[in-house]
Amino acid sequence: MPDDAPPLARAKALALRFLASRARTEAQVRARLAKAELSAEADAVVGWLRRLGYLDDAAFARARARALVAPGRLGPRLAERRLRTAGIPGDAARAAIAGAVAEGGEGGEVALCRALAERRARGAALETLDDRARRRLARFLLGRGFAGPVVARVLGIWEDG
């Protein structure tokens, strides 16, 4: 696009190029336009992209949540943080993650945590890990966004009643 093109045309072209590689959120598109000093055209471009169906934050959140909490990936807390970083509001991010965890089948967060723990243990049975290995694995799982009680249950640190 030539530099003498109207700002709105440049902003639309930039937004389309930005969306060509993968889905993005409204916040990401606005940030990219601001970086190119086209903030004044952001409202018009975002509205245009929504009408075309190229920009849908709810669909982005659902798809990204499914990818983030796939078995062996991230826990719900870290996945939610990643969605919020992408510009999804807290309530919408929590709902998308809860839906993705529920889609994952029976066991929910415990099953996701167990899948990652088993993968990380590289074939060793979780029950046979020594205390040092169990503590390292617990720190890893907590860092990946799993809740403390879930990690404790998966690693057999304590059992529910």
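Quick notes on the rules
Residues numbered from 1 in each chain as written. Predicted model: local features only at pLDDT ≥ 70, side-chain atom pairs only at ≥ 80, totals over all residues. Heavy atoms only, no water. Helix = DSSP H or I, 4+ residues; strand = E, 2+ residues; numbered from the N terminus. Rg over C-alpha atoms; globule rule 2.2 N^0.38 Å. Contact = heavy atoms within 4.5 Å. Areas by Shrake-Rupley, 256 points an atom, 1.4 Å probe, with all protein chains shown as cover. Lys, Arg positive; Asp, Glu negative; His and termini not counted. Charge placed at Lys NZ, Arg CZ, Asp CG, Glu CD. Salt bridge = Lys/Arg side-chain N within 4 Å of Asp/Glu carboxyl O. Buried < 20%, exposed > 50% of the residue type's maximum accessible area, 1.4 Å probe, protein only. Phe/Tyr/Trp six-rings, centres within 6.5 Å; stacked < 30°, edge-to-face > 60°. Lys NZ or Arg CZ within 6 Å of the ring centre and 35° of its normal.

Q: Sorry if this is basic, but what is going on with the overall build of the protein chain here?
A: Counting its secondary structure elements, the protein chain contains nine helices and zero strands. For the protein chain, the α and β elements follow one another from N to C terminus as α-α-α-α-α-α-α-α-α. In terms of C-alpha radius of gyration, the protein chain reaches 21 Å, well past the compact-globule figure of 15 Å for 161 residues. The principal-axis extents of the C-alpha atoms in the protein chain amount to approximately 70 × 25 × 20 Å. Within the protein chain, contacts between residues separated by at least 24 positions form 56% of all contacts whose residues are at least 6 apart in sequence. Carbon and sulfur atoms make up 51% of the accessible area of the protein chain, which amounts to about 9,400 Å² in all. When the 30 basic and 19 acidic side-chain charges of the protein chain are each reduced to a single mean position, those positions are 5 Å apart.

Q: Help me out: how do you make sense of the pattern of salt bridges in this one?
A: Pairs can form between side chains of opposite charge once their charged atoms are near each other. The tally for this structure, following the rule as stated, stands at eight salt bridges. A salt bridge links D43 to R30, with the nearest nitrogen and oxygen atoms 2.9 Å apart. A residue pair is termed long-range when its members are at least 10 positions apart, and D43 in helix 3 (residues 42–52) and R30 in helix 2 (residues 26–35) qualify at 13 residues. Judged by its relative accessible area of 28%, R30 is partly exposed. The partner of R94 in a salt bridge is D91, with the nearest N and O atoms 2.8 Å apart. Separated by three residues within a single helix, R94 and D91 lie in helix 6 (residues 90–103), roughly one turn from each other. Look at the salt bridges and you will find they share partners, linking E26, R30, D43 and R50 into a network.

Q: Can you walk me through helix 5 (residues 76–85) in this structure?
A: Residues that lie three or four places apart on an α-helix share one face, since the helix turns once every 3.6 residues. Looking at helix 5, one finds that the buried residues are P76, L78, A79, E80 and L83. Positive phi shows up at G87, right after helix 5, with a value of about 110°.

Q: How should the packing of aromatic side chains be read in this particular structure?
A: Both the distance between ring centres and the angle between the ring planes are used here to describe each pair of aromatic rings. One pass over the full model with this rule turns up zero aromatic pairs. Just above the ring of W48 sits the side chain of K12; from NZ or CZ to the centre is 4.7 Å. For the cation-ring pair, R120 lies above F140, with the distance from its terminal atom to the ring centre recorded as 4.0 Å.

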